[in-house]
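# Chain and residue survey
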Amino acid sequence: MLQKAYYSDSRMIVSPCNSAQQGNNVLFVYEIRNPRDFHSPSSAYLCLKSINARVPITNRISCVSKKGRRQTFSTNIFASIADVSIGKSIEKAHLPKGDMWSVHKFGGTCVGTSKRIQNVADIILNDPSERKLVVVSAMSQVTDMLYDLIQKAQSRDDSYVSALDNIYEKHRLTANELLDGDNLSRFLFHLHHDISDLKAMLHAISIAGHANESFSDFVVGHGELWSAQLLSAVVKKYGMDCNWMDTRDVLIVNPTSSNQVDPDFLESEKRLEKWFSEHPSETIIATGFIASTPQNIPTTLKRDGSDFSAAIMGALFRARQVTIWTDVDGVYSADPRKVGEAVILKTLSYQEAWEMSYFGANVLHPRTIIPVMKYNIPIVIRNIFNLSAPGTKICQLTADENADVSVVKGFATIDNLALVNVEGTGMAGVPGTASAIFDAVKDVGANVIMISQASSEHSVCFAVPEKEVNLVAVALQSKFRQALDAGRLSRVEVIPNCCILATVGQKMASTPGVSATLFNALAKANINIRAIAQGCSEYNITVVLKREDCIRALRAAHSRFYLSKTTLAVGIIGPGLIGGTLLDQLRDQAAVLKEEFNIDLRIMGIISSRTMTLSNLGIDLSRWRELLKEKAEVADLEKFVHHMHGNHFIPNFVLVDCTADSNVANHYHNWLCKGIHVITPNKKANSGPLDRYLKLRALQRRSYTHYFYEATVGAGLPIISTLRGLLETGDKILRIEGIFSGTLSYIFNNFIGNRAFSEVVAEAKQAGYTEPDPRDDLSGTDVARKVIILARESGLRLELSDIPVQSLVPEPLRVCASAEEFMQQIPNFDDDMTKKRQDAEASGEVLRYVGVVDAVKAEGLVELRRYKKDHPFAQLSGSDNIIAFTTTRYKEQPLIVRGPGAGAQVTAGGIFSDILRLASYLGAPS
């Protein structure tokens, strides 16, 4: 017997007016009580509590519109028979508030794929909180795709139809991977109808050629609706009590004139109470970004709307904590793309986060902090792709917490600014001058970033975005034309190409000398300050600098203030000659690094081609060789990496590949994607296929995981870092030329007098300078790999096969079966090399085997060349390498790097240096 029915989709509030049962078919007559909803009744999915089995219903729904017209639609509706008697009302649940609620917000990246949505569901299911509210964004790129639909429709571009189909397909495929049975059917039913409605609306927009803001906001809000419905269905699949919320039914906001909205907390609380009374649940999946006006018109929360939604909801629920899930480990002390030494901040006060976000730091929009700040609700920024990272907590710091943090918490910059200086003696003591200046700026709609005025009132300067400065200058010239002509104002000056550096810290207010330390650091870096601003709260010291000084200033200030202890988990792959030497060097230096530099290096694993040994606390390096035998297990690289990556005790870990194995190098990209730093002298990755190299470098640039390979060229010599330093400071590479092989350097340094070439090769082999088969050195392949690495670092897109190589192995000997056979036969070919040496000596020259990168011609080569005896290349000794950089700065006299370029000690030293550089980037003193 039919008892009572209600509509479960929170987008509409409907109630039964009449009903009749006809066999298995039931006829409902429903009245829509919320005409705001744009959906026709055919979208309804009726969710009724059931005593008996769930029954399909063929249904005709009659709806009374806002204008009083009755419309009837035929549709197939899924429904159940309710267990509540007619005349009895459903008991309304009261919304509990307080610490039992935890709020999570997941952005578009977090729900971008079915796998990531499943990860989000796992986080929700594993959260031990008594009650949970989850705010979700649209799947990554969906909001932009929906905005693009509106643009296409407005411009009457019919491709909006296929573009909308693509959006449908994206969600359909995702749902198919996550759901099954009724859960899948319900979601796809809603999705299909939403897409049909959107097509109709976009068609209307296309006809009109225009969409007002309400229509646009309604369209783009669908991405959040689908994400919330999809995630809710996934969570329900695992048996968790869960409902999804269309926050347009709850969040009421008042649009302002500045492309922002102000929440109406009083009305929102009333609507939340009503919503919860009808949908009581312990877990709520809510849409982010969207809301309604007091007139029930759909709108959005504008920029960073999902974060704002989470903060508002946290305040409405008086939640214990709001967690913002993102793709970084937390808030950095500075932009890690600009400052390699930037570290994750454990805590930030609300004021510090506010200041840093205003000045461009990737924290939270300032308005996101306001709702939670009122109720002292912490916000935690966490990385969904690195659950072991604790993240950054933004809260009202206690006295004890504040005592343990640095005086300066972080640094932020804003680029592409211009400074406007209004100056004149007639300004002093004249009321209203500043008001007139900023009224003129307001009239052209420019945004003032910073203001500075001296107490003499002789000048007022302020920073605006560079793209707006011309309008500001013209407006000020016009506003003060009479004063300028009369001499009361001397000038309106525009200083372009500026940037802002902001130094933020709550403890700055109570610590003398912070400004002095900052200015001293900038002065020692030879950086001039154009303007200064500091409020009386002293949370922030802001300086305006030349744009070209911005990164240098940021690094100088950061290194002056920020020191931290660094523990680094290290895994060594390949404990052979170089790897073993490195382990011995680490053993000898470990105590000094820990005591004097606060760097704690823990070797958590060593793996060779056959065996490996693992440790959870760190291997005793005084016995590493014995332990590799006594506690060895069969080598398993996947298990080895999992051991390193799964260690949550030490947050930072690095794999050091000391092999020359291309198979190991093939894993670098995957390791970096997992957040594992990589250091190596292995040339195979960077000299292998170009696409693989480009993928590694792209990943390195866009992520916060480091990949160092200084020792791939020149062993311990600073070749890569010198090249990078030149490029990063704006220099342009014209040519790189050098002797890159320690083996061939030794051979040609000693190929003098009456000595035969084969004699010198044999001597080099006996001394251990060559590979077991000297042909590996004489072929020039190793030099070619180094040339291609430097060419690619210089920006050239070359393959190894593009480098012509002059082999020193006589062609008949290239097919020798063994190194011994080669050494026996090579004296037969001494005459050719002797003649080349004699010809060079006759011209006052010497022979040198070199690699060349010609950046102008975009080519490289490896060959035997002749150099005058006064040339730097002719003055080498032993197995030294020498590399000459010709650049726009070093054009007349190349920059030369020279030193030992081969040997286990210097190569291991280069790797060690990279490890210390990584420790410095992760927070150790530089």
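Let me sum up the structure you'll find in this document. (Residues numbered from 1 in each chain as written. Predicted model: local features only at pLDDT ≥ 70, side-chain atom pairs only at ≥ 80, totals over all residues. Heavy atoms only, no water.)

This part is about the pairing of strand E17 (residues 410-423). Counting buried positions along E17 gives 12 out of 14 residues, so the element sits mostly inside the fold. Alignment of E17 against strand E20 (residues 491-504), held across 11 bridges, turns out to be antiparallel. Among the inter-strand pairings, Leu 419 is bridged to a residue of E20, identified as Ile 495. As paired strands, E17 and strand E19 (residues 459-465) are joined by 7 bridges and run antiparallel to one another. Among the inter-strand pairings, Val 420 is bridged to a residue of E19, identified as Phe 462. (Buried < 20%, exposed > 50% of the residue type's maximum accessible area, 1.4 Å probe, protein only. Helix = DSSP H or I, 4+ residues; strand = E, 2+ residues; numbered from the N terminus. Pairing = 2+ DSSP bridges.)

Let's shift gears to the side chain of Asp 549. With respect to the helices, strands and loops of the structure, Asp 549 is situated in the loop between strand E22 (540-546) and helix H16 (550-561). Look past the residues within four positions of Asp 549 in its chain and what remains in contact with it is Ile 527 and Asn 528. (Contact = heavy atoms within 4.5 Å.)

Under the defined criterion, the tally for this structure stands at 12 aromatic pairs. Both rings, one in Tyr 668 and one in Trp 671, keep their centres 6.0 Å apart while their planes meet at 40 degrees; by these two values the pair is tilted. Linking Tyr 668 with Trp 671, this pair stays in helix H21 (residues 668-673), spanning 3 residues, or about one helical turn. On the numbers, 5.4 Å between centres and 75 degrees between planes, the contact of Phe 751 with Phe 757 is edge-to-face. Given the relative accessible area of 3%, Phe 757 is considered buried. Each residue in the set Tyr 668, Trp 671, Tyr 707 and Tyr 709 is aromatic and connected to the rest through ring pairs, giving one cluster. Geometry around Phe 751 places Arg 837 over its ring, the cationic atom sitting 4.6 Å from the centre. A cation sits over an aromatic face here: Arg 917 above Phe 708, 4.0 Å from the ring centre. (Phe/Tyr/Trp six-rings, centres within 6.5 Å; stacked < 30°, edge-to-face > 60°. Lys NZ or Arg CZ within 6 Å of the ring centre and 35° of its normal.)

Moving on: the packing of helix H5 (residues 213-220) against helix H6 (residues 222-237). Put simply, H5 and H6 touch, their axes get as near as 4 Å, and they point 25 degrees apart. Taken together, H5 and H6 sit at an angle that is classed as roughly parallel. Only His 222, Gly 223 and Glu 224 of H6 make contact with H5, whose side of the interface consists of Phe 218, Val 219 and Val 220. (Axes fitted to C-alpha atoms, helices over the stretch in contact; angles between N-to-C directions. Parallel < 35°, antiparallel > 145°, perpendicular 65-115°, else oblique.)

Turning our eyes to something else, we now look at the environment of Arg 917. For Arg 917, the position within the fold is in helix H31 (residues 904-921). A relative accessible area of 25% places Arg 917 in the partly exposed class. Within the structure, Arg 917 has its side chain in polar contact with the side chain of Asp 914 (distance 3.1 Å). (Polar contact = N/O pair within 3.5 Å; in protein donor to acceptor, adjacent residues only side chain to side chain.)

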